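# Structural description and commentary
Now for the letters of each chain:
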Amino acid sequence: MITQSPFYLFSWAVGVCMLWLLWSLGIKRLFLDLFRERLFELRFQLFRLGMTGELPFDSETYRTIETLMCGLLRFGHRITFLTYIFGAVEQHRARQEKDYVDVAQQIALKISLLEPGTRDKLKEILEKVRAAIVLYSAFTSILFLFLFVVYKIAGRLDSRAENETKEVSFVIEREAYRAETTLPLRVAMA
């Protein structure tokens, strides 16, 4: 019977710690930067709709979607598979309450009242936001990455790819919007 020397066990422990540090401080932060950059691009597309007058800056729809995106930008580092699970549980509990407000339905209603061209552009922007959330969650969580790959393979085999990102990202969008709207505004003094 061969026994392992303490040096080999120590080198394995150091190797695992180095991989974890590389993941936590390097790769995961890179994905966070890519996620935020994508959200900035999408927020700029929303801004261009305001600049052209298709969606006025003072409309409630514009402010709601901008608040959602700002919340995702601000709290993007908190998006993990675990926060998704806790958010889904919280959302399920909240639906049982009588004063439950479905933010996604409110946003969809506000968008449905717009002109068809503007409505299609906003839906496209929101679909891209959902896709960015799902991809960020997938690439920053090893367990979610595995589940995402299995889901995509099953989706290809089952050809059910139409609403794949709406279910996953709704919980995260709701939490980001709620967090952004409940925080008091702070004015910076120069």
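Our subject is the structure that appears above.
Bear in mind the structure is a predicted one, so any value in this text is a computation, not a measurement. The residue count restarts for each chain, going from 1 along the sequence in the order it is written. Local features in a predicted model are, by the rule used here, given only for residues with pLDDT of at least 70; side-chain atom pairs are given and counted only at 80 or more, and totals for whole chains, interfaces and linings are based on all residues. In computing side-chain values, all of the structure's heavy atoms are included and hydrogens and water are not.

## Overview of the pattern of salt bridges
Here, a salt bridge means any side-chain nitrogen of Lys or Arg that lies within 4 Å of a carboxyl oxygen of Asp or Glu. Under the definition given, this model contains 5 salt bridges. The partner of Arg130 in a salt bridge is Glu127, with the nearest N and O atoms 3.4 Å apart. One end of the pair, Arg130, and the other, Glu127, are both in helix α5 (residues 116-140), 3 residues apart, so they sit about a helical turn from each other. For Glu127, a relative accessible area of 30% gives the class partly exposed. Working definition: helices are DSSP H or I runs of at least four residues, strands are E runs of at least two. Numbering for both runs from the N terminus. Exposure is judged per residue with a 1.4 Å probe applied to protein chains only, and the accessible area is read against the type maximum: over 50% gives exposed, under 20% gives buried, and values in between give partly exposed.

## A few points about the nonpolar core
By size, the foremost hydrophobic cluster in this structure holds 34 residues, and its most contacted members are Phe35, Ile65, Leu72 and Leu122. Secondary-structure elements contributing two or more residues to this core are α1 (6-52), α2 (60-74), α3 (81-95), α4 (103-112), α5, α6 (142-158) and α7 (164-182). Of the residues forming this core, the biggest block, 9 residues, is contributed by α5. Two residues form a contact once any of their heavy atoms are found within 4.5 Å. Excluding its chain neighbours within four sequence positions, the residues that come into contact with Ile65 are Leu46, Ile107, Ile111, Leu122 and Leu126. Joining through side-chain atoms within 4.5 Å is the link that ties buried Ala, Val, Leu, Ile, Met, Phe, Trp, Tyr and Cys residues into a set, and such a set is a nonpolar core.

## Overview of the packing of aromatic side chains
Think of a pair of aromatic rings as described by two things: how far the centres are apart, and how the planes are tilted against each other in angle. Classification of ring pairs uses Phe, Tyr and Trp, with its six-membered ring standing for Trp, and accepts pairs whose centres are within 6.5 Å; under 30 degrees between planes counts as stacked, over 60 as edge-to-face, and the remaining range as tilted. Applying the stated criterion to the full structure yields 6 aromatic pairs. Aromatic side chains Phe7 and Tyr8 sit 6.0 Å apart centroid to centroid with 65° between the ring planes, which places their arrangement in the edge-to-face category. A relative accessible area of 57% means that Phe7 is categorised as exposed. A network of ring pairs unites the aromatic residues Phe44, Phe47, Phe57 and Tyr62 as a single cluster.

Purely geometric stuff here, so don't read any function into it on its own.
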